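Listed below, chain by chain, are the residues.
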Amino acid sequence: MFLQPESRMRSKRQAFPGAEMRPIEKCSSSLAAVCRDISDILCAVRNSLLVVSLVVAAAVFASQPTSIAAQAPPGPAAESTQPSAPAGPVVVLDPAHGGTDAGARGETIVEKDVALQIARSVRAELERHGYRVVMTRNDDSNPSYDDRAAVANAYHDVIFVSLHVASTGAPGTVRTYYTQLATPITSAPVAAGAIAPPPNPSSPGLLQWEEAQRPYLNASHRLADLIQGELAQAFSGSPSVSTGVPVRVLRSVTAPAVAVEISSVSTPTPDLLTASAAPLADAIALAIAASRPANSGGPR
Ligand SMILES: [Zn+2]
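Notes on the structure follow. (Residues numbered from 1 in each chain as written. Predicted model: local features only at pLDDT ≥ 70, side-chain atom pairs only at ≥ 80, totals over all residues.)

Let's talk about helix H9 (residues 277–290)
Our working rule: Helix and strand labels come from DSSP, where a helix needs a run of H or I of at least four residues and a strand needs a run of E of at least two; each type is numbered from the N terminus. Every helix has an expected span of 1.5 Å times one less than the residues it contains. In this scheme every C-beta is placed from the backbone, and a residue whose C-beta has 20 or more other C-beta atoms within 10 Å is buried, one with 12 or fewer is exposed, and one in between is partly exposed. Here contacts are defined at the residue level, using C-beta atoms placed from the backbone and a cut-off of 7 Å between them.
The end-to-end C-alpha separation of H9 is 20 Å, in line with the 20 Å expected for 14 residues at 1.5 Å each. The complete set of buried residues in H9 reads Ala277, Leu280, Ala281, Ala283, Ile284, Ala285, Ala287 and Ile288. Buried-residue contacts for H9 involve strand S1 (90–95), helix H5 (111–129), strand S3 (158–166), helix H7 (217–234), strand S6 (257–263) and helix H8 (271–274).

See below:
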């Protein structure tokens, strides 16, 4: 590749025939002796042309490496540095509770705060893996269940992960849940401005808002088991399979949806809890990859 500028310079020299016929030093001595005849005048003109041509050739040569480098197609090394476009689902992280709903409380740990802290770290880890991550809250607000579900329902290809810190359980263990719909729904306050669920029992063709998860129960159960299987390896003492319980926030999500609960608020400092973010993100990424066909598993 670097031979190209030199060959181009040779072609520039050949574009000025006769330029090498008279060395510039020889003609310079004639000029010093004052040109008296036509041949000396022609010599001076030729010298001027030679100088101009050499200056032009040098300028063209100097410009070649930059322009060639700019036009050169990217080699294998350049191609390998291109970031791969995320191909996996959007991951919606839902830090539970918030605002006036503190969740579980320990002596120094408040669930809503640690859940948000963990969610932010999980988001950063998943983004490092190449996933697009959306949070249902990123401050001390408390969106309604329906608002949280609506964040996920805005996407076509998405999974929903609600993050909690338990009040019970051995510290350092983690449990994943999928929702069950058989039990009656516990009434929960709906925040002002929340998306109103469409109660429409007279229209059997329409899915009840609080039953929206029903078509995704199997997918959610499978995703929960895959995540829990990974977590069981990372967090000793954790169960190997997920558990089905009624989880209100999951019921209106029209996508695979799980809740992950880390034990517990009884730990003296949040360090043990926040340290779970990286292995939790890895577990989510591995579960996504395992739940999809080989060619569409995810960005990695
Ligand atoms: Zn909770």
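Some remarks on the packing of H5 against H9
Rules: All axes here are fitted lines through C-alpha atoms, helices being fitted over the stretch that makes contact, and every angle between N-to-C directions spans 0 to 180 degrees. Here the word oblique covers every angle except those under 35 degrees (roughly parallel), over 145 (roughly antiparallel) and from 65 to 115 (roughly perpendicular). If you view the pair so one helix is near and one far, a crossing is left-handed when the near helix is turned anticlockwise from the far one by less than a right angle, and right-handed when it is turned clockwise. Three classes are used: nonpolar for Ala, Val, Leu, Ile, Met, Phe, Trp, Tyr, Cys and Pro, charged for Asp, Glu, Lys and Arg, and polar for all others, with Gly counted as polar.
Packing of H5 against H9 leaves a shortest axis separation of 8 Å and a crossing angle of 50°. Our classification of the angle between H5 and H9 gives oblique. Here H5 runs over H9; the crossing is right-handed. For the pair H5 and H9, the contacting residues are Ile118, Ser121, Val122, Glu125, Leu126 and His129 in the first and Ala277, Ala278, Leu280, Ala281, Ile284 and Ala285 in the second. Class assignment for the residues of the contact of H5 with H9 results in 9 nonpolar, 2 polar and 1 charged.

Description of the packing of H7 against H9
Viewed as axis vectors pointing N to C, H7 and H9 meet at an angle of 135°, and their least axial separation amounts to 8 Å. Taken together, the axes of H7 and H9 lie oblique to each other. As H7 runs across H9, the sense of the crossing is right-handed. On H9, the residues that touch Leu223, Leu226, Ile227, Glu230, Leu231 and Ala234 of H7 are Pro279, Asp282, Ala283, Ile284, Leu286, Ala287 and Ala290. The residue makeup of the contact of H7 with H9, split by class, is 11 nonpolar, no polar and 2 charged.

Quick notes on the pairing of S3
Applicable threshold: DSSP calls a pair of strands paired once it identifies at least 2 bridges connecting them.
For S3, the buried fraction is high: 8 of the 9 residues fall into the buried class. With 6 bridges connecting them, S1 and S3 associate as parallel partners. Across the sheet, the residue bridging to Pro95 is Leu163, located in S3. Judged from the 7 bridges that link them, S3 and S6 form a sheet pairing that is parallel. Pairing of His164 across the sheet is with Glu261, part of S6.

Regarding the pairing of strand S4 (residues 174–179)
Burial of S4 is extensive: 6 of the 6 residues sit out of reach of the surface. What you see with S4 is no split at all: Val174, Thr176 and Tyr178 on one side and Arg175, Tyr177 and Thr179 on the other are buried throughout. Sheet topology places S4 next to strand S5 (residues 243–245); 3 bridges connect them, and they run parallel. Within S5, the residue paired with Tyr178 across the bridge is Gly244.

Concerning the nonpolar core
To keep things clear, this is the line we draw: In this description, a nonpolar core means buried residues of the types Ala, Val, Leu, Ile, Met, Phe, Trp, Tyr and Cys, linked to one another by C-beta atoms lying within 7 Å.
Core analysis: the biggest nonpolar cluster contains 57 residues, and Val91, Phe160, Val161, Ile227, Val258, Val260 and Ile284 have the highest contact counts within it. When residues in this core are grouped by element, the largest group, 8 residues, is from H9. Excluding anything up to four places from it in sequence, Val91 contacts Leu126, Tyr131, Val133, Ile159, Val161 and Ile284.

Quick word on the environment of Thr269
Tracing the chain through its elements places Thr269 in the loop between S6 and H8. Sequence-wise, Thr269 and Ile109 are 160 residues apart; in three dimensions their C-alpha atoms are separated by 7.0 Å.

Let's talk about unusual backbone geometry
With an omega dihedral of -10°, the bond running from Ser263 to Ser264 counts as a cis peptide bond. For Ser264, the location among the structural elements is in the loop between S6 and H8. The backbone of His97 sits at a positive phi, close to 65°, despite the residue not being glycine. Assignment of secondary structure puts His97 in the loop between S1 and H5.

A short note on helix H6 (residues 145–153)
Within the sequence span of H6, burial applies to Tyr145, Asp146, Arg148, Ala149, Val151 and Ala152. On its buried side, H6 packs onto S1, strand S2 (133–135) and S3.

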